[in-house]
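# Fold and geometry: a report
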Amino acid sequence: MFEFVDIEATSYCNAKCPFCNRQFMDFEQKHLDIEIIKKLPFERIKKVLLLGNKGDAIFYNKLHELVQHIVSNYTSKIILHTNASAHDIDWWIELAKTFGNRGYIVYALDGLEDTHRLHRIGTDWNKVVRNVTAFNNAGGYSICQFIKFKNNEHQIDDVRRLIKSIGSKKIWIRKSRDYNDVLLRPDGVKTRHELGEDLKNHRIECTFLESPSFVLTVDGEIRPCCFMADDDYKRNFSIHLKEDIKYPQHIIAYRKDPNSINLKYHPFDAIMKSDYYEAIKHNYNHLFRCNQKCKVTFNDIIDEEFYG
């Protein structure tokens, strides 16, 4: 069994969050063919994350169809991460009914209207609250993700009260991946990379390979994790080849045949036995990307609170 799959179903998004990879590179706007997604062995997957690195799953052109397919044929739980700032109320009511008791949404709310817009550029705070309220009232289960900056930390109690009033069940208060001269660092807070430096001699506990889990990208590739699935990593193989000089087999295998890990061209089980995957499984504790990103855990970067 796989603990989860992270599906990047689309590269479309309406937000311009300053630290997102979307702001640093160009890529094609597209949706992943639903028939490719249906090739996944959902009967062996406990959880389906609709997340990815590029897009927001609520913009996937076959989202309701995909959720219905999973709910009707498999037992997987579905978790959708979203900025929740699109579509009308009826769309969200339908989504809640399609989910039933089989999943939930994690939505971004980084403060009240005046501070939320500083980070979630291009989204509408009022629409987020309206849509999540409709989803909750229709029987949906939702979790608020609040990224803390010096600009918004004074509003955490206000956000707690707000999300309770609209029926959300949890809040995740998490550290940002970065800070700038607008979105300021809270006192004493370290980023994932900085925490990783503190733990540089710590053994990597790889959720993706030890659980195990995997990512399906919008291009159809099966990748071990989100950090090895982002475009920055794929476009900078030369850097990682230099850093991974003792263990470069996965990069060599990918360059030799990029389609070897693509679900458009190979069955899922064949991909999981590919030279690329075998190389990473045996060497991940020594790889630059793994050491750069994965010395820290979920609990190191997120404080979780549950509301009834």
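So, a few notes on the structure that sits alongside this text. (Residues numbered from 1 in each chain as written. Predicted model: local features only at pLDDT ≥ 70, side-chain atom pairs only at ≥ 80, totals over all residues. Heavy atoms only, no water.)

## Section: the nonpolar core
Inside soluble globular proteins, nonpolar side chains tend to come together where they are buried. Within the largest apolar cluster, 89 residues are counted, with the highest numbers of intra-cluster contacts made by Ile 7, Ile 37, Leu 40, Leu 50, Tyr 107, Leu 109 and Ile 222. Contact partners of Leu 40, with chain neighbours within four places excluded, come to Val 5, Ile 7, Ile 45, Phe 214, Leu 216, Ile 222, Leu 263 and Phe 268. Ile 147, Phe 149, Tyr 179 and Val 189 belong to the second largest nonpolar core, which has 6 residues in total. (Core = buried A, V, L, I, M, F, W, Y, C linked by side-chain atoms within 4.5 Å. Buried < 20%, exposed > 50% of the residue type's maximum accessible area, 1.4 Å probe, protein only. Contact = heavy atoms within 4.5 Å.)

## Remarks on the pairing of strand β2 (residues 45-50)
The side chains of a regular strand alternate between both faces of the sheet. Pairing between strand β1 (residues 2-7) and β2: 5 bridges, direction parallel. The partner of Val 5 across the bridge, within β2, is Val 48. As paired elements, β2 and strand β3 (residues 77-82) share 4 bridges and run parallel to each other. Each bridged residue has a counterpart across the sheet, and for Lys 47 the counterpart in β3 is Lys 77. Handedness of the crossover joining β2 and β3 through helix α2 (residues 63-73): right-handed. (Pairing = 2+ DSSP bridges. Helix = DSSP H or I, 4+ residues; strand = E, 2+ residues; numbered from the N terminus. Right-handed = clockwise from strand over helix to strand, strands pointing away.)

## So, the sheet that holds strand β7 (residues 213-216)
Here 9 strands make up an open sheet; going across it, the order is β8-β7-β1-β2-β3-β4-β5-β6-β9 and the pairing mixed. Single-partner strands in this sheet number two, and they are β8 (222-223) and β9 (302-306). Seen against the sheet, helix α6 (residues 156-165) touches β4 (103-108), β5 (142-147), β6 (170-174) and β9 and runs at an angle of roughly 155 degrees to β6. (Axes fitted to C-alpha atoms, helices over the stretch in contact; angles between N-to-C directions.)

## What to know about the packing of α2 against helix α3 (residues 89-99)
Running from amino to carboxyl end, α2 crosses α3 at an angle of 15 degrees, the nearest separation of the two axes being 9 Å. The orientation of α2 with respect to α3, classified from their angle, is roughly parallel. The chirality of how α2 crosses α3 is left-handed. When α2 is examined against α3, the residues Leu 63, His 64, Val 67, Gln 68 and Val 71 are found in contact with a partner set consisting of Trp 91, Glu 94, Leu 95, Thr 98 and Phe 99. Its residues assigned to classes, the contact of α2 with α3 shows 6 nonpolar, 3 polar and 1 charged. (Parallel < 35°, antiparallel > 145°, perpendicular 65-115°, else oblique. Left-handed = near helix turned anticlockwise from the far one by under 90°. Nonpolar A, V, L, I, M, F, W, Y, C, P; charged D, E, K, R; others polar.)

## Details of unusual backbone geometry
Unlike most non-glycine residues, Ala 84 shows phi in positive territory, near 60 degrees. Mapped onto the elements of the fold, Ala 84 is located in the loop between β3 and α3. You can call Ala 84 buried: its relative accessible area is 0%. Its identity as a non-glycine residue notwithstanding, His 87 has a phi of 75 degrees, on the positive side.

## Describing the packing of aromatic side chains
One pass over the full model with this rule turns up 12 aromatic pairs. Centroid distance Trp 91 to Trp 92: 5.0 Å. Interplanar angle 70 degrees. Geometry classified as edge-to-face. For Trp 92, a relative accessible area of 0% gives the class buried. Ring geometry for Phe 99 versus Phe 135: centroids 6.1 Å apart, planes at 85 degrees, classification edge-to-face. (Phe/Tyr/Trp six-rings, centres within 6.5 Å; stacked < 30°, edge-to-face > 60°.)

## Some points on empty space enclosed by the protein
What the rule picks out here adds up to 2 cavities of 30 Å³ or more. Empty space within the largest cavity amounts to approximately 80 Å³. Elements supplying a minimum of two residues to the lining of the largest cavity: α8 (207-210) and α14 (288-293). Top contributing element to the lining of the largest cavity by residue count: α14, with 3 residues. Considered class by class, the residues forming the lining of the largest cavity number 12 nonpolar, no polar and 2 charged. Classifying every residue of the lining of the second largest cavity by side-chain character gives 2 nonpolar, 2 polar and 3 charged. (1 Å grid on protein atoms, 1.4 Å probe; cavity = no way out; pocket = protein on both sides within 12 Å on 5 of 7 lines; lining within 4 Å. Points joined across faces, edges and corners; volume = space filled by probe spheres on them.)

## Some thoughts on the pattern of salt bridges
By the definition in use, this model includes 17 salt bridges. Of the charged contacts in the structure, one is a salt bridge between Lys 281 and Glu 278, with a shortest N-O distance of 3.7 Å. Here Glu 278 and Lys 281 lie together in helix α13 (residues 275-283), a separation of 3 residues that amounts to about one turn. Its relative accessible area of 34% is what places Lys 281 among the partly exposed residues. One salt-bridge network, held together by shared partners, links Glu 28, Lys 30 and Asp 219. (Salt bridge = Lys/Arg side-chain N within 4 Å of Asp/Glu carboxyl O.)

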